[in-house]
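Here is how the chains run, residue by residue.
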Amino acid sequence: MRSVSELRLRVSAAGELTPTVRRFVLRDPAGSRLPAYEPGAHVVVSTPAGHRRAYSLVEPGGAQPREYVLCVRRDTDGRGGSVSMHDDVAVGTTLVVSAPANRFPLAPSPRYLFIAGGIGITPIRAMVRRLRAAGRAGVRLLYLTRSAAETPFLEEFAGPEDTVHHSGGRGRLDLWPYLGVPDDDVRIYCCGPPALVRAVRTLTAHWRLSRIHLEEFAAGHRQLSSPFTAVWAPDGRRVGVPAHLSLLAALRGEGVRVGSSCEAGVCGTCRVAVLDGEVEHADSVLTESERVASMVACVSRARSTELVVGPYQDEELA
Ligand SMILES: Cc1cc2nc3c(=O)[nH]c(=O)nc-3n(C[C@H](O)[C@H](O)[C@H](O)COP(=O)(O)OP(=O)(O)OC[C@H]3O[C@@H](n4cnc5c(N)ncnc54)[C@H](O)[C@@H]3O)c2cc1C
Ligand code: FES
């Protein structure tokens, strides 16, 4: 499915930042400027092996960027997307990439506390660089990694407002001293593995919700909510969707075939048509007009107790 405009970009540089993280620079083959983006944005890349995976843009961006820069950590426990980016992509490779989307935008604030865990530094770096380039003070960074060798961009974050903590041999950093006292003049941005994002969510429960901005990278960790019933329109099959399962998993459990790729609400592969009921959209791929009569089944759920869904047919292809 192509629901957002797609670009064919050439890898103009590629190299290792750490033993497990590779950096890729993508440019238009004809040298044209690329669609605009702001810090916090990501693109969805179709890997050579056919996965669709989201990658944050690590540079601050702007109106007409010349290139998109991605950093990909090899995840040997995953389904192969990052491994394909590492093993199959080199200088000269052409990649199909979505236009940038941003569900982690940088909002104005007197001061900021950024918390990055491992490869979660990618969108945070774009934000920190944008703010510091503008001469802003009060841009505090906590960067949590296992070791110096596993820390992309380590040399950039040695300033007075930076704390880089390596857990190897020292244990985890106690975040409470940084989060214990809520401050309406501070916005907190956290990106990293689910355990870190969960910890920050818990430790900031007494903060105003609007001050807390969280982004998780791992697939399959969406916060789920109430149970509901899905009716599969082609045959009227009624499928219970418990709180701990996604609509995608529940439909598959009943033998309904729905494709998927990212399972993180960023690629649109699992899009289904919505014929009746109210949807709580949690994706970052569909436009408002596409949301009127469709949803992605991996992360979005029903707001009503019942939702009638069916196969999505791309009008462009139908
Ligand atoms: C908005 C966004 C931005 C991102 N930016 C970056 C970035 O800048 N750099 C980067 O390296 N990665 C980034 N990611 C993660 C990236 O999209 C891929 O998930 C990552 O490269 C791993 O892909 P994979 O196919 O190798 O593993 P995946 O199959 O995606 O698995 C990733 C991890 O999730 C676990 N997992 C997979 N499926 C499930 C499930 N159903 N239930 C529980 N756990 C599961 C796996 O064990 C694995 O450890 C971003 C993700 C999002 C959503
Ligand atoms: S599988 Fe990518 S949006 Fe659902």
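Residues numbered from 1 in each chain as written. Chains lettered and ligands numbered in written order. Predicted model: local features only at pLDDT ≥ 70, side-chain atom pairs only at ≥ 80, totals over all residues. Heavy atoms only, no water.

Considering the packing of aromatic side chains
Turning to step 1, where the next piece is worked out: Overall, the coordinates contain 6 aromatic pairs when judged by the stated rule.
Turning to step 2, where the next piece is worked out: Ring centres 5.7 Å apart and planes at 75 degrees place the aromatic pair Tyr-37 and Tyr-68 in the edge-to-face group. Of the two residues, Tyr-37 is situated in the loop between β2 (21–27) and β3 (42–46) and Tyr-68 in strand β5 (residues 68–73); the sequence distance between them amounts to 31 residues. Each member of the pair, Tyr-37 as well as Tyr-68, is classed as buried.
Turning to step 3, where the next piece is worked out: Through a chain of ring-to-ring contacts, three or more aromatic side chains come together here, namely Phe-104, Tyr-112, Phe-114 and Tyr-189.
Turning to step 4, where the next piece is worked out: One cation-aromatic arrangement involves Arg-125 over Phe-153; the distance from NZ or CZ to the ring centre is 4.1 Å.
Turning to step 5, where the next piece is worked out: Against the face of Tyr-312 rests Arg-271, its NZ or CZ located 3.8 Å from the ring centre. (Phe/Tyr/Trp six-rings, centres within 6.5 Å; stacked < 30°, edge-to-face > 60°. Helix = DSSP H or I, 4+ residues; strand = E, 2+ residues; numbered from the N terminus. Buried < 20%, exposed > 50% of the residue type's maximum accessible area, 1.4 Å probe, protein only. Lys NZ or Arg CZ within 6 Å of the ring centre and 35° of its normal.)

So, the sheet that holds strand β7 (residues 111–117)
Turning to step 1, where the next piece is worked out: As summarised here, the arrangement of the 5 strands in space is β9-β8-β7-β10-β11, forming an open sheet in which the pairing is parallel. Of all the strands in the sheet, the pair left with one neighbour each is β9 (162–166) and β11 (212–216). Taken over all neighbouring pairs, the strand axes of this sheet differ in orientation by 10 degrees on average, direction set aside.
Turning to step 2, where the next piece is worked out: Where strand β8 (residues 139–145) lies against β9, 5 bridges are found, and the strand directions are parallel. Bridging from a neighbouring strand, Leu-142 pairs with Thr-163 of β9.
Turning to step 3, where the next piece is worked out: Along the sheet, helix α2 (residues 121–133) contacts β7, β8, β9, β10 (186–192) and β11; its crossing angle with β7, the most-contacted strand, is approximately 150 degrees.
Turning to step 4, where the next piece is worked out: Strands β7, β8, β10 and β11 of the sheet are contacted by helix α4 (residues 194–203), whose axis makes an angle of about 155 degrees with β10. (Pairing = 2+ DSSP bridges. Axes fitted to C-alpha atoms, helices over the stretch in contact; angles between N-to-C directions. Contact = heavy atoms within 4.5 Å.)

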